[in-house]
Amino acid sequence: MKLSVFHTPELTPETTVANCAIAVDVLRATSTIVTALSAGAEAVQVFSDLDQLLKVSESWSPDKRIRAGERGGAKVKGFDFGNSPLDCTPERVKGRRLFISTTNGTRALQCVQAAPMVLAAALINRQAVVDYLLKHQPETVWIVASGWEGNFSLEDTVCAGAIAHRLQTELGCSLENLAGNDEVIGAITLYQQWQNRLHDLLRYASHGKRLLSLDCHEDLKYCSQTDILDVLPIQREPGVLMNSQSLVTVR
Ligand code: MLT
């Protein structure tokens, strides 16, 4: 297995795809997607464009859909949810489809949607991602961090490092054999330095500060936890993610 990390969607190669692409947006899109599927959402459908989201979700009955829109960390007016994973309780999302558009995370998912396997990862489901990779052994794996409007994000890279570190340990291979680019080594080193202070790291990160200024303290705490949900969002059709466990029963 060769693993590469890209710090932003813009840095991700456009002319090739990996066998497996993993989008990461710890704060907060992929944390929200994992939580929604864990709470029993039927699926999550991602959009980079808010108008497109409204148009596609219009054909769904209001009791079967939730529209989530976030820009700049804040909820978009007129939408049911913003982008807080803590809104995704079973009472609110069970059996419903979450239609979601966020500033960066949903763009990262769209940027890799042509890959044969597309997963969504956050710190909260890190082990579920690693287990899937160990089971399916894709030859090439990309972890695509969402970043913030084309720039590096600490929290996404530390999550990439958390996945890479656990993968290397469980494969028992050398870093030299696993790493497809320098970013993998940088991400693992960042994770090793911060693994016991992830909440602090999220508080120091620029988007973490933005969310704190919007009073999202509990979101930061929640998203900084590692391996708390055994749920893997996997793409079933372009832009539509399902819980890998329900996918087995659908097929
Ligand atoms: C994003 O897509 O940029 C984030 O998920 C923003 C947020 O924290 O809502």
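Above this text is the structure in question.
These remarks concern the structure in this document. (Residues numbered from 1 in each chain as written. Predicted model: local features only at pLDDT ≥ 70, side-chain atom pairs only at ≥ 80, totals over all residues. Heavy atoms only, no water.)

### With respect to the overall build of the protein
1) Next: Regarding its fold elements, the protein presents twelve helices and ten strands.
2) Next: Computed over its C-alpha atoms, the radius of gyration of the protein comes to 17 Å, within 12% of the 18 Å expected for a compact globule of 251 residues.
3) Next: Expressed as lengths along the three principal axes of its C-alpha atoms, the size of the protein is roughly 50 × 45 × 35 Å.
4) Next: Here the protein holds 251 residues, and 56% of them are scored as buried.
5) Next: Taking contacts inside the protein between residues at least 6 apart in sequence as the whole, the part at least 24 apart equals 77%.
6) Next: Summed over its atoms, the accessible surface of the protein is roughly 10,700 Å², and 48% of this surface lies on carbon and sulfur atoms.
7) Next: Averaging the positions of the 24 positive and the 28 negative side-chain charges in the protein gives two centres separated by 5 Å. (Helix = DSSP H or I, 4+ residues; strand = E, 2+ residues; numbered from the N terminus. Rg over C-alpha atoms; globule rule 2.2 N^0.38 Å. Buried < 20%, exposed > 50% of the residue type's maximum accessible area, 1.4 Å probe, protein only. Contact = heavy atoms within 4.5 Å. Areas by Shrake-Rupley, 256 points an atom, 1.4 Å probe, with all protein chains shown as cover. Lys, Arg positive; Asp, Glu negative; His and termini not counted. Charge placed at Lys NZ, Arg CZ, Asp CG, Glu CD.)

### Comments concerning the packing of helix H6 (residues 154-171) against helix H8 (residues 182-194)
1) Next: Their axes nearest at 7 Å, the elements H6 and H8 cross at an angle of 95°. Relative to H8, H6 is oriented roughly perpendicular. Of the residues in H8, those in contact with Leu154, Thr157, Val158, Ala160, Gly161, Ala162, Ala164, His165 and Gln168 of H6 are Val184, Ala187, Ile188, Leu190, Tyr191, Gln192 and Trp194.
2) Next: Class assignment for the residues of the contact of H6 with H8 results in eleven nonpolar, five polar and no charged. (Axes fitted to C-alpha atoms, helices over the stretch in contact; angles between N-to-C directions. Parallel < 35°, antiparallel > 145°, perpendicular 65-115°, else oblique. Nonpolar A, V, L, I, M, F, W, Y, C, P; charged D, E, K, R; others polar.)

### Things to note about the state of the cysteines
1) Next: Inspection of every chain in the model, using the stated rule, returns zero disulfides.
2) Next: Not part of a disulfide, Cys173 finds its nearest cysteine sulfur in Cys20, a span of 16 Å. (Disulfide = S-S within 2.5 Å.)

### Quick word on helix H2 (residues 50-57)
1) Next: All of the buried residues in H2 are Leu50, Leu53 and Ser57. Viewed end-on, H2 has its buried residues packed into an arc of 55°, placing them on one side of the element. Seen from the buried face of H2, the exposed residues on the opposite side, beyond 90 degrees, are Asp51 and Lys55.
2) Next: Close packing links the buried residues of H2 with strand E4 (65-71) and strand E6 (97-101).
3) Next: A distance of 3.4 Å separates the backbone nitrogen of Asp51 from a side-chain oxygen at the start of H2, and that oxygen is part of Asp49. (Arc of directions from axis to C-beta. Polar contact = N/O pair within 3.5 Å; in protein donor to acceptor, adjacent residues only side chain to side chain.)

### Some details on the pattern of salt bridges
1) Next: Tallied over the entire structure, the rule returns eleven salt bridges.
2) Next: Note that Asp200 and Arg203 form a salt bridge whose closest N and O atoms lie 2.8 Å from each other. Note that Asp200 and Arg203 are positioned in helix H9 (residues 198-204) at a spacing of three residues, about one turn of the helix.
3) Next: Residue Asp200 is classed as buried on the basis of its relative accessible area of 18%.
4) Next: Notably, a salt bridge pairs Arg236 with Glu237, separated by 3.0 Å at the nearest N-O pair.
5) Next: Relative accessible area serves as the criterion here: at 29%, Arg236 is assigned to the partly exposed category.
6) Next: According to the relative accessible area criterion, Glu237 is partly exposed, its value standing at 38%.
7) Next: What you see here is one network of salt bridges that share partners, running through Arg126, Arg166 and Asp227. (Salt bridge = Lys/Arg side-chain N within 4 Å of Asp/Glu carboxyl O.)

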